[in-house]
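Given next are the chains, with one letter for each unit.
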Amino acid sequence: MENRYSRQILLDDIGELGQRKLNKAKVLVIGAGGLGCPVLTYLICAGVGNIRIVDCDIISESNLNRQFLYGPGDIGKEKVFTAKHYLNKQNPEVIIEAFNDRVNEDNIQRLIDGIDIVVDCVDNITTRLITNSACLEKNIPLVDGGVEGFYGFATVVKRDSACLECMGFYEGNPKEPAAVVGVTAGIIGSFEANECIRILLGYKSDLEGKFLQYDGKKQTIQKVHVKIDPNCSAHKRYNKLNSK
Ligand SMILES: [Zn+2]
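Attention in this report is confined to the structure presented alongside it. Just so we're clear, the structure is a prediction, and the values are computed from it rather than from any experiment.

Right, let's talk about the pattern of salt bridges for a bit. A full pass over the atoms with the stated rule returns nine salt bridges. Ionic pairing is found between Glu97 and Arg52, a salt bridge with its closest N-O pair at 2.9 Å. On the criterion of sequence distance, the pair formed by Glu97 in strand S3 (residues 95–99) and Arg52 in strand S2 (residues 50–54) is long-range, its members being 45 residues apart. You can call Arg52 buried: its relative accessible area is 13%. Ionic pairing is found between Glu208 and Lys204, a salt bridge with its closest N-O pair at 3.0 Å. Residue Lys204 is classed as exposed on the basis of its relative accessible area of 61%. In this structure, a network of salt bridges that share partners links the residues Lys158, Lys204 and Glu208.

This is how it looks when you write it as structure tokens:
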């Protein structure tokens with residue numbers, strides 16, 4: 001019988017069983033901006049059944065070169081509720097929870113509670129590092145990605161492989177606002193959605209402990225394997241918690 005998911009169920013990699021896994025899955029998407037729009041759209045279209053979105057931004061005109069869920073009539077509205085409204089129209093079967101909040105050390109535990117996988121779609125290091133530590137601690141896979149100009153990266157963090165801190169992310173002073181080409185955010189967001197779906201289906205991500213770098217000028221992709229840093233404080237903290 002034909003339904004919304006027929007064309008993906010045809011794949012041996014998905015099938016009826018895989019579709020049921022996606023329908024039951026619970027994903028936290030942090031950020032409903034340039035990366036969040038493609039991530040959320042593809043997860044919703046694929047039938048990922050429960051999606052929690054957190055974002056604290058208001059839609060502005062400068063978002064519209066890449067954040068395709070929104071239009072000029074949405075300027076000034078809360079991003080997270082507007083995203084939920086359009087995504088619900090796209091697929092009413094998906095349960096969407098929207099939190100108009102900024103991720104911090106206090107709320108992250110509540111936000112990841114009961115979640116199967118976290119997808120970071122943010123533009124700042126602080127949120128990445130908070131999410132990174134919480135995911136290591138709770139043993140929840142984390143998909144992360146970022147863009148600047150025509151360049152982007154994507155990676156997957158799990159306990160047994162390098163985390164964002166191992167990869168060299170640290171608190172700094174990135175220039176604000178960063179230049180972003182809309183299509184680059186679309187490409188990296190699509191990579192993130194792809195990894196999220198594959199992990200939910202039970203496959204090992206090929207980006208685990210690897211840093212994928214995308215160059216949109218040369219159309220090249222490089223994957224660099226990163227080892228766990230013995231001095232990584234996030235890994236040390238989780239090891240300590242785990243050995244108790
Ligand atoms: Zn680490």
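And the narrative resumes.
Glancing now at the nonpolar core. Residues Val27, Leu43 and Ile51 are the most contacted members of the largest nonpolar core, which totals 40 residues. Where this core is concerned, the elements lending two or more residues are strand S1 (26–30), helix H3 (36–46), S2, helix H4 (79–90), strand S4 (117–120), strand S6 (151–157), helix H7 (182–200) and strand S7 (210–215). Apart from the residues within four sequence positions on either side, Ile51 is in contact with Val27, Val29, Leu40, Leu43, Ile44, Val94, Ile95, Ile96 and Glu97. Among the nonpolar cores identified, the runner-up in size contains 31 residues, and Ile115, Leu129, Phe169 and Cys232 belong to it.

Now for the side chain of His235. By the element assignment, His235 lies in helix H8 (residues 233–243). With sequence-adjacent residues up to four places away left out, His235 is seen in contact with Leu136, Lys158, Arg159, Ser161, Ala162, Cys163, Cys166 and Ile228.

Moving on, we come to the sheet that holds strand S5 (residues 142–148). Ordered in space as S3-S2-S1-S4-S5-S6-S7-S8, the eight strands form an open sheet in which the pairing is mixed. Only two strands of the sheet have a single neighbouring strand rather than two, namely S3 and strand S8 (220–225). Taken pair by pair, the neighbouring strands of this sheet meet at an average axis angle of 15 degrees, ignoring direction. Note: S6 against S7, five bridges, orientation antiparallel.

Now for the coordination of the zinc ion. Distances from the zinc ion to its protein donors, Cys163 (SG), Cys166 (SG), Cys232 (SG) and His235 (ND1), fall at 2.1 to 2.3 Å. One way to put it: the four donor atoms around the zinc ion meet at angles of 100 to 117 degrees, and that makes the site tetrahedral. With relative accessibility at 0%, the residue Cys163 sits in the buried group. You can call His235 buried: its relative accessible area is 4%.

Calculation notes
- Residues numbered from 1 in each chain as written.
- Predicted model: local features only at pLDDT ≥ 70, side-chain atom pairs only at ≥ 80, totals over all residues.
- Heavy atoms only, no water.
- Salt bridge = Lys/Arg side-chain N within 4 Å of Asp/Glu carboxyl O.
- Helix = DSSP H or I, 4+ residues; strand = E, 2+ residues; numbered from the N terminus.
- Buried < 20%, exposed > 50% of the residue type's maximum accessible area, 1.4 Å probe, protein only.
- Core = buried A, V, L, I, M, F, W, Y, C linked by side-chain atoms within 4.5 Å.
- Contact = heavy atoms within 4.5 Å.
- Pairing = 2+ DSSP bridges.
- Axes fitted to C-alpha atoms, helices over the stretch in contact; angles between N-to-C directions.
- Donors = N, O, S within 2.8 Å, 3.2 Å for Na, K, Ca; no water.
- Tetrahedral: all angles 85-135°; square planar, octahedral: opposite > 155°, others 65-115°.

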